[in-house]
Structures are given as C-alpha cells and as structure tokens.
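Fold and geometry: a report
Here is how the chains run, residue by residue.
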Amino acid sequence: MRLSALLIINPISTSFKASKIETARAMLQAAGYDVDLYWTQQNGDAQNRAKEVADKTADKAYSIVFACGGDGTVNEVANGLAFSSVPMAILPIGGSNVLSRELGSRGVVRRAIASAIDGRPRNVSLGRIRTPLETRYFTTMAGIGFDALTVYNLNKPLKRVIGVPAYVVSGIMCLLGYRTEDITLRIDGREFNAYSTIVSKASRYGGEFRIAPEADITRAELYVHVFQGRGRGALLRHTAGIIGGQSLKSLNGIVGLRCNSIRLTAQSHIQMDGDYFGRCTTSADIEIDVCKDALTLQF
C-alpha cells in the first residue's frame, strides 16, 4: 500500500508560515508519501479530524497523521488518535513546542519531518484527567492552580505575536490580585495540601524549562510537583526557581514524587499541555492517572 500522510494544520499557530507547510509536503513527497492537507478553523477541528482517521470514517486511510501547530494542536490530535494504531508525528509551528523539543527536534521543521520519515512508530503513555466536566488526555503536563489561572487569563492575540513571553505577562497580571488556593491531594495513599500542582508526563515545561528531568513519555508513570506555602512570597520564590532552572525538589515548599495516580480536591482552574481545560466551580474530586501505550508516536 502506498504511503499517505495527513497534515492537520492550525494556521493561527504562533510561528505558522505557509513556507513551512510546503517544506514539509515536499520532504514527505520526496520520501514517497501522498500528502493531504486539512486546515482547522476552530477549537476541536484537529481532534475531530484525527478521530475520523482513527475510527476509519475518514474519506481515506492514512499511514501517518501530522499535528502541525503548537502544543494545543498536538493535544487535540493525540486525543483523536488515542488507542488507535495510526501513528502521530509533529510539525512544530507553535510557540513552546514542548513535545517536539522532548523528541529532539527543538522546533526545527526540517529536523522534525526527517525524524518522522526516518523514525519508527513507538508506543508512549498519556496522562489522563477525569473531572465532573469530562475526561481528557495530555501528552506533556497538566496544571491545577496558579499556572492554570495564567493560561485562563492569557491574551491570545499577544501570544500569536510574541509567543511564550505572553504567559509571563499573564502571570505577572495574575500575581497582582492572586490569593492562595487550597488543593488537597492524595498521591499513592499519601495526603498533601498545596496551592498549586504540576503533573508531568515529560521533562520539559513551557519550552526548555526542565522541571521534571526524571519524567519520560515512554514510561507509564507521572511525576508530580506539589507547591506548598501561603501568599505571594511562596509563589514568587517557586516561580523564580523554575525560571532560574533550579531543581524544583531543592526548593523549600515543593515536594516532587513519582506516582501512578493522583486524586485531588480543588475549586481551581485546570490546564493541560498549555491550553485551558476548565474550572471546577465547586470543590470537586479530580482524578489524574496514566494510560500505558495509549498513543503511537513516530520519531
């Protein structure tokens, strides 16, 4: 059967250029692929199109599906292809491109396409969040608390212009009126109190910040950082540690743990893979666990 590739493209990604798509198409065609392009228009389009391919209800079968965008587009395509045999690859044209960096392409289009062409399909695990809102998977990380509030208040037009620094701007604005939240976590039978929590499936956070060097997308485990303390002082100290590249476990008030499942009670905003997920408006139980071999990733 002839090789075929579907490129699911988010044209409003931070570093989108038509020339990058043409470069990818030319490289794939030179490697023997028939290439089709699908352009998203709104949130959910990438996931729905990927789900059609996974469910074999699309107009044709594809050998591989490329998520062409940032971390949000990657998340949508991964959710659409989860638990199917169709491999996913990444064309990084977003701002931080966390998963692409984790795979070694560091956001370079030619390197990413070459990696997919020369690579092989590998099973990786996905994180899973179950809330009263819905169930969803994440590829690199999820946050509950302050970092999710930052994503919620993000100025999206500014992000399209300046990329990752837009999150810093949002964080500063959130800090001005921030009040410490109360989050209760039960991690593998141990209980913790926190004002914020980051759950990692990959080592990187927000680009090149390696906050969880022990985390590995191929392993069926999570790495959680529990941020403890009260007031803005703790938040400023911990944020400075992330920006400064410090090991978070070395900072007072942060507990880092490997685990398989987390249950937490919070009335907080939630983000995953850098995109806003939702908010529990009443204190509710949230379950986070890991799904082994949930996605086929080609690199």
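Residues numbered from 1 in each chain as written. Predicted model: local features only at pLDDT ≥ 70, side-chain atom pairs only at ≥ 80, totals over all residues. Heavy atoms only, no water.

Some points on the overall build of the chain
For the chain, the count of helices and strands is nine helices and 18 strands. At 19 Å, the chain has a C-alpha radius of gyration in line with the 19 Å of a compact globule built from 299 residues. Relative to its full complement of 299 residues, the chain shows a buried share of 55%. In the chain, the share of contacts with a sequence separation of at least 24, taken over all contacts with a separation of at least 6, comes to 71%. About 13,100 Å² of surface is accessible on the chain, with carbon and sulfur atoms providing 49% of the total. Both charge centroids of the chain, one from 35 positive and one from 27 negative side chains, sit 5 Å from each other. (Helix = DSSP H or I, 4+ residues; strand = E, 2+ residues; numbered from the N terminus. Rg over C-alpha atoms; globule rule 2.2 N^0.38 Å. Buried < 20%, exposed > 50% of the residue type's maximum accessible area, 1.4 Å probe, protein only. Contact = heavy atoms within 4.5 Å. Areas by Shrake-Rupley, 256 points an atom, 1.4 Å probe, with all protein chains shown as cover. Lys, Arg positive; Asp, Glu negative; His and termini not counted. Charge placed at Lys NZ, Arg CZ, Asp CG, Glu CD.)

Description of the packing of aromatic side chains
With the rule as written, the count across this model stands at four aromatic pairs. Taking NZ or CZ as reference, R122 lies 4.0 Å from the ring centre of F299, over its face. (Phe/Tyr/Trp six-rings, centres within 6.5 Å; stacked < 30°, edge-to-face > 60°. Lys NZ or Arg CZ within 6 Å of the ring centre and 35° of its normal.)

Side note on the pattern of salt bridges
It is possible for side chains bearing opposite charge to pair when their charged atoms get close. Using the criterion set out here, one finds 19 salt bridges in the structure. E221 serves as the salt-bridge partner of R219, at 2.9 Å between the closest nitrogen and oxygen. Between D285 and R263 there is a salt bridge, with its nearest N and O atoms 3.6 Å apart. Of this pair, D285 sits in strand β18 (residues 284-298) while R263 sits in strand β15 (residues 261-266), and the two are 22 residues apart along the sequence. Accessibility expressed as a relative area gives 37% for D285, which makes it partly exposed. (Salt bridge = Lys/Arg side-chain N within 4 Å of Asp/Glu carboxyl O.)

Focus: empty space enclosed by the protein
If a probe as big as a water molecule is rolled over the atoms, it shows which places are left empty. Applying the stated criterion across every chain yields a total of two cavities of 30 Å³ or more. Considered as a void within the structure, the largest cavity measures approximately 90 Å³ in volume. If you trace the largest cavity, you find it lined by A89, I90, S100, L103, G104, S105, A112, S115, A116, Q298 and F299. Contributing elements (two or more residues each) for the lining of the largest cavity: β4 (88-92) and α5 (109-118). With three residues, the top contributor of residues to the lining of the largest cavity is α5. (1 Å grid on protein atoms, 1.4 Å probe; cavity = no way out; pocket = protein on both sides within 12 Å on 5 of 7 lines; lining within 4 Å. Points joined across faces, edges and corners; volume = space filled by probe spheres on them.)

A closer look at the state of the cysteines
Taken as a whole and assessed by the stated rule, the structure comprises zero disulfides. Distance from the sulfur of C174, which forms no disulfide, to the nearest cysteine sulfur (C280) is 18 Å. (Disulfide = S-S within 2.5 Å.)

As for the domain arrangement of the chain
Under the domain assignment used here, the chain contains domain 1 (4-119) and domain 2 (128-292). Carbon and sulfur atoms supply 55% of the area that domain 1 and domain 2 bury against each other, a total of about 1,700 Å² over both sides. Residue R101 is joined to E208 by a salt bridge in which the shortest nitrogen-to-oxygen separation is 3.1 Å. Summed over the shared surface of domain 1 and domain 2, the number is eight residue pairs in polar contact (both at pLDDT 80 or more). Ranked by residues supplied to the side of domain 1 that touches domain 2, first place goes to helix α3 (residues 71-81) with seven residues. (Domains from an automatic or database assignment. Buried area = accessible area lost by both parts, 1.4 Å probe. Polar contact = N/O pair within 3.5 Å; in protein donor to acceptor, adjacent residues only side chain to side chain.)

What about the packing of helix α2 (residues 45-54) against α3?
The N-to-C vectors of α2 and α3 enclose an angle of 30°; their axes lie 7 Å apart at closest approach. Judged by the inter-axis angle, α2 sits roughly parallel to α3. Two packed elements cross with a definite hand, and for α2 against α3 that hand is right-handed. Of the residues in α3, those touching α2 at D45, A46, Q47, A50, K51 and A54 are T73, E76, V77, N79, G80 and L81. Classifying every residue of the contact of α2 with α3 gives five nonpolar, four polar and three charged. (Axes fitted to C-alpha atoms, helices over the stretch in contact; angles between N-to-C directions. Parallel < 35°, antiparallel > 145°, perpendicular 65-115°, else oblique. Left-handed = near helix turned anticlockwise from the far one by under 90°. Nonpolar A, V, L, I, M, F, W, Y, C, P; charged D, E, K, R; others polar.)

Quick word on α2
Within the span of α2, buried status applies to D45, A46, R49, A50, V53 and A54. Buried-residue contacts for α2 involve β1 (4-9), β2 (34-39), β3 (64-69) and α3. Backbone geometry just downstream of α2 places K56 in the positive-phi region, at approximately 60°.

Details of the sheet that holds strand β17 (residues 275-279)
Where strands meet in a sheet, backbone hydrogen bonds hold them as pairs that are either parallel or antiparallel. With antiparallel pairing, the six strands of this open sheet are ordered in space as β14-β13-β10-β7-β16-β17. At either end of the open sheet lies a strand with only one pairing partner, and these are β14 (254-259) and β17. Strand after strand, the sheet turns through a mean of 15° between neighbouring axes, direction not considered. As defined by bridge partners, strand β7 (residues 141-144) adjoins strand β16 (residues 269-272) across three bridges and the pair is classed as antiparallel. Along β16, the bridge assignment pairs A142 with M272. (Pairing = 2+ DSSP bridges.)

Brief notes about helix α9 (residues 231-243)
Because an α-helix packs 3.6 residues into every turn, residues spaced three or four apart end up facing the same way. In this model, α9 (13 residues) spans 19 Å end to end at C-alpha, consistent with the 18 Å of a helix rising 1.5 Å per residue. For α9, the set of buried residues is A234, L235, H238, G241 and I242. In a view along the axis of α9, the buried residues occupy a sector of 125°, so they form one face of it. Packed against the buried residues of α9 are α6 (146-152), α8 (165-176), β11 (204-205), β12 (209-210), β13 (222-227) and β14. Once α9 ends, the next one or two residues include G245, with phi positive near 75°. (Expected span 1.5 Å × (residues − 1). Arc of directions from axis to C-beta.)

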